[in-house]
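Results of the structural survey
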Amino acid sequence: MKVVLFCGGYGMRMRNGDSDAPKPMQMVGPRPLIWHVMRYYAHYGHKEFILCLGYGAHHVKNYFLDYHETESNDFVMRHGEVELQGSDIADWTIHFVHTGLESPIGERLRRVRHLVDDEEVFLANYADVLTDAPIDDMIERFRESDATASLLAVPPQAVFHIVDIDPSERVNSIYPVTDMRIRENGGYFALRPEAIDYIPENGDLVGDACTSLAKEGKLLSYTYDGFWQPADTLKERNALEAAYRAGTRPWMVWEREPERPPLEGLVDEALGR
């Protein structure tokens, strides 16, 4: 199953003045955010990636063109020759597609439609949010439905408190925003190609397509209360880095579970194909 990754935005909330790299290229441990997202999908058997490039495209291209397997894989050196004990990306297919410097996410998806039109379902991601959600379960529920799109729905991450005030301006209660019965878009999508029909030129995936699909009853959610961590700010990125260094990194599901074949592979096996 193909995975579309949006990695061409400016990422202004992450800017620190030291680099012009796009946000998905910010490092967590020895690898950038985009690698962690791709490695997560690869764990579930989805190893064909479409990178929607824009701002800082050369950083993404150069990283993979000059990829160093030894940074995250054991190896043996004999007589000056390196023998890898494992590989991250040897069986990956990666499409590098420049989708414009200023394009919104919906327009980036429109510009790679020719690469996903033959798919029953494809996946999409912002390439800067990490989770340990069981994506295979999300995909299966979506495929069994008549929905056109599905998104991961997670609890709000804000730390502020809600103040409930009566008409006389007395405070009735104070409670954390996480106690509200609301969900936010978690940035992990499963889509049918026809979802792109809902995106106008220079439109948005969520603001246009998902909003319209929701009104038509064609948008499915997959609610998840487990680990989900964005990297929209330096503070959030630093929290991921601290978790990585402490060994508390639940998004790295490949460290604790055997790699899983894609769902379509399991179906073929069951049918003897």
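Residues numbered from 1 in each chain as written. Predicted model: local features only at pLDDT ≥ 70, side-chain atom pairs only at ≥ 80, totals over all residues. Heavy atoms only, no water.

Looking at an unreviewed UniProt entry, the chain carries the name Glucose-1-phosphate cytidylyltransferase, with the source organism given as Actinomycetospora aeridis.

If you tally the helices and strands in the chain, you get seven helices and 15 strands. Its C-alpha atoms give the chain a radius of gyration of 20 Å, near enough to 19 Å, the size a compact globule of 273 residues would have. With the C-alpha coordinates aligned to their principal axes, the bounding extent of the chain is approximately 80 × 45 × 40 Å. Buried residues in the chain amount to 46% of all 273 residues. For the chain, the computed accessible surface area is about 13,700 Å², with 49% contributed by carbon and sulfur atoms. Of the side chains in the chain, 28 bear a positive and 45 a negative charge, and the two mean positions are spaced by 2 Å. (Helix = DSSP H or I, 4+ residues; strand = E, 2+ residues; numbered from the N terminus. Rg over C-alpha atoms; globule rule 2.2 N^0.38 Å. Buried < 20%, exposed > 50% of the residue type's maximum accessible area, 1.4 Å probe, protein only. Areas by Shrake-Rupley, 256 points an atom, 1.4 Å probe, with all protein chains shown as cover. Lys, Arg positive; Asp, Glu negative; His and termini not counted. Charge placed at Lys NZ, Arg CZ, Asp CG, Glu CD.)

Of all hydrophobic cores here, the largest spans 52 residues; its most connected members are L5, Y40, Y41, L51, L152 and W251. Per element, the largest residue contribution to this core is eight residues, and it comes from helix α1 (residues 33-43). Beyond its immediate sequence surroundings of up to four residues, Y40 is in contact with T131, D132, A133, I135, Y188, W251, V253 and W254. Counting 24 residues, the second-largest nonpolar core is a separate cluster that includes F6, L109, A153 and L213. (Core = buried A, V, L, I, M, F, W, Y, C linked by side-chain atoms within 4.5 Å. Contact = heavy atoms within 4.5 Å.)

The next subject is the environment of G186. Mapping G186 onto the fold places it in strand β13 (residues 184-191). Spatially, the C-alpha atom of G186 lies 15 Å from that of Y41, the residues being 145 residues apart in sequence. In this structure, G186 is in contact with V129, L152, V154 and W228, ignoring residues within four places of it in sequence.

In spatial order, the strands read β7-β4-β1-β8-β13-β10-β14; together these seven strands make up an open sheet with mixed pairing. Lying at the two open borders of the sheet, with one neighbouring strand each, are β7 (93-98) and β14 (219-223). Adjacent strand axes in the sheet meet at a mean angle of 25°, parallel and antiparallel pairs treated alike. Note that strand β10 (residues 149-154) and β13 share five bridges and pair antiparallel. Looking at the pairing, A149 lines up with L191 of β13. (Pairing = 2+ DSSP bridges. Axes fitted to C-alpha atoms, helices over the stretch in contact; angles between N-to-C directions.)

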